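# Observations on the three-dimensional arrangement
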Amino acid sequence: MMNLSAPFSAGEKRLKGRIFDIQAYSVHDGPGCRSTVFLAGCPFRCAWCCNPESFQNRQGKLYRATQCINSRERPCTRCADACPYGAVNDTADTDPAHPIRFDQTICQRCTTFECVDSCLVGALEHISKEYTVDELMGILSRDRHYWSGNGGVTFSGGDPMMQSEFLIAVLKRCREAYIHTAIETEGAAETETYLKVMEHISFAFNDLKHMDPEKHREFTGASNERVLANIRALASSNWPGRLVLRAPVIEGFNDTEENFHAVGEFMNELGLTEFNMLPFHRLGVSKWEQLGMEYAYADSKPTDREKLLKLKRALESHGVSCYVGNDTPF
Ligand code: SF4
Ligand code: SF4
């Protein structure tokens, strides 16, 4: 077997990617059992996002109030003492369940994060870490023994295409090592970059959250025009991979038959046949809290099954195979 840790070139050696998670036993991120690598950075700002720590391709911190030991009886001032910018406020008296509050206007501009290493109980954690191509390939090399025969690596985020140079370098190494590659992308990169990345991908989930550009901009912060253009470009290229379009179903945004009829017509026009509909869930809520950000969907309920079936039927009326949640054929 090829040594995945062997460096390819001096240029590649200098490249670093910012990664916020690597999951070794993913079974819903493409065919078989896989490793999923989550790269930081996203062009959208969806208020329902379950990985809000991916929004920025820079260092940040998480604060877990449930692990913080600061209390009126036994004060802990370690992070307050370590912060050179005065961003830590002791709230043990007024809010014992949340005994520290950070001034996010200061923390968002921080580049040093002294507070994180000062905490001895793990209540503070760096969001992400930089890896060289070699370091990441070393981890994948270790994990590949656990993949199933049709498994491999999935690059997710955020949108992994936000770090395209690093991503392409890793993908080239995967190809050399006969590793199956998949991607979960917003599909909003420059078309040239998008197609360049896809050259090295065998299986792609490309989000298509809404067909209407204005509605898309209102809810994600950006228009869908480039997403549609990229999907068109890929579908009309000779790309030999498998493309599955995907969207979470969000109440008040895209949960209408009208939208999914429009998606079906678009897919029909391009000869695309597979869509993965993801029911809304609130699994990301604790991350929003840990980042000190407000979660707008805290009171929303998981998507109603009847509604999902109605939307699925709308899509399937256009000859598209619609998989709901993890009920997929891959
Ligand atoms: S992230 Fe920076 S500014 Fe915020 S508390 Fe930590 S050290 Fe201070
Ligand atoms: S150092 Fe850790 S345990 Fe102490 S107050 Fe800060 S977050 Fe809480």
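Residues numbered from 1 in each chain as written. Chains lettered and ligands numbered in written order. Predicted model: local features only at pLDDT ≥ 70, side-chain atom pairs only at ≥ 80, totals over all residues. Heavy atoms only, no water.

For ligand 1, the full set of nearby residues is Lys61, Cys83, Tyr85, Ala87, Val88, Phe102, Ile106, Cys107, Cys110, Phe113, Glu114 and Cys115. Those elements giving two or more residues to the shell around ligand 1 turn out to be helix 3 (104-107) and helix 4 (114-118). Residues belonging to the shell around ligand 1 are distributed by class as follows: 10 nonpolar, no polar and two charged. (Near = heavy atom within 4 Å. Helix = DSSP H or I, 4+ residues; strand = E, 2+ residues; numbered from the N terminus. Nonpolar A, V, L, I, M, F, W, Y, C, P; charged D, E, K, R; others polar.)

Okay, the nonpolar core next. Grouped burial of nonpolar side chains is what soluble globular proteins tend to show. The biggest cluster of nonpolar side chains holds 69 residues, and the ones touching the most others in it are Phe155, Ile231 and Phe275. In terms of residue count, the dominant contributor to this core is helix 6 (residues 164-176) (seven residues). Ignoring any residue separated from it by four or fewer positions in sequence, one finds Ile231 in contact with Tyr194, Asn206, Asp207, Leu208, Leu243, Leu245, Phe266, Leu270 and Leu272. Within the second largest apolar cluster, 17 residues are counted, among which are Ala87, Phe102, Cys110 and Phe113. (Core = buried A, V, L, I, M, F, W, Y, C linked by side-chain atoms within 4.5 Å. Buried < 20%, exposed > 50% of the residue type's maximum accessible area, 1.4 Å probe, protein only. Contact = heavy atoms within 4.5 Å.)

Here nine strands make up an open sheet; going across it, the order is 7-1-2-8-9-10-11-12-13 and the pairing mixed. The sheet is open, and its two edges are formed by strand 7 (129-132) and strand 13 (321-324), each paired on a single side. If you compare each strand with its neighbour and ignore which way they point, the axes differ by 30° on average. Pairing of strand 11 (residues 242-249) with strand 12 (residues 274-279), which is carried by five bridges, proceeds in the parallel orientation. From the neighbouring strand, Leu245 faces strand 12, where its bridge partner is Phe275. (Pairing = 2+ DSSP bridges. Axes fitted to C-alpha atoms, helices over the stretch in contact; angles between N-to-C directions.)

Another aspect to go through is the layout of surface pockets. In this structure, the second largest pocket encloses a volume near 350 Å³. If you go around the second largest pocket, you meet 17 residues; those closest to its centre are Gln56, Gln108, Ile127, Leu291 and Met293. Partitioning the lining of the second largest pocket into residue classes produces seven nonpolar, six polar and four charged. (1 Å grid on protein atoms, 1.4 Å probe; cavity = no way out; pocket = protein on both sides within 12 Å on 5 of 7 lines; lining within 4 Å. Points joined across faces, edges and corners; volume = space filled by probe spheres on them.)

Turning our eyes to something else, we now look at the domain arrangement of the chain. Examined at the domain level, the chain breaks down into domain 1 (10-56 + 128-324) and domain 2 (61-126). Distance between the C-alpha centres of domain 1 and domain 2: 33 Å. Taken residue by residue, the interface counts five residues in domain 1 and six residues in domain 2. Among the residues domain 1 hides against domain 2, the three largest losses belong to Ser128, Gln290 and Leu291. Together they make up 75% of the total. The interface formed by domain 1 and domain 2 holds zero salt bridges in total. Seen at the junction of domain 1 and domain 2, the total is one residue pair in polar contact (both at pLDDT 80 or more). (Domains from an automatic or database assignment. Buried area = accessible area lost by both parts, 1.4 Å probe. Salt bridge = Lys/Arg side-chain N within 4 Å of Asp/Glu carboxyl O. Polar contact = N/O pair within 3.5 Å; in protein donor to acceptor, adjacent residues only side chain to side chain.)

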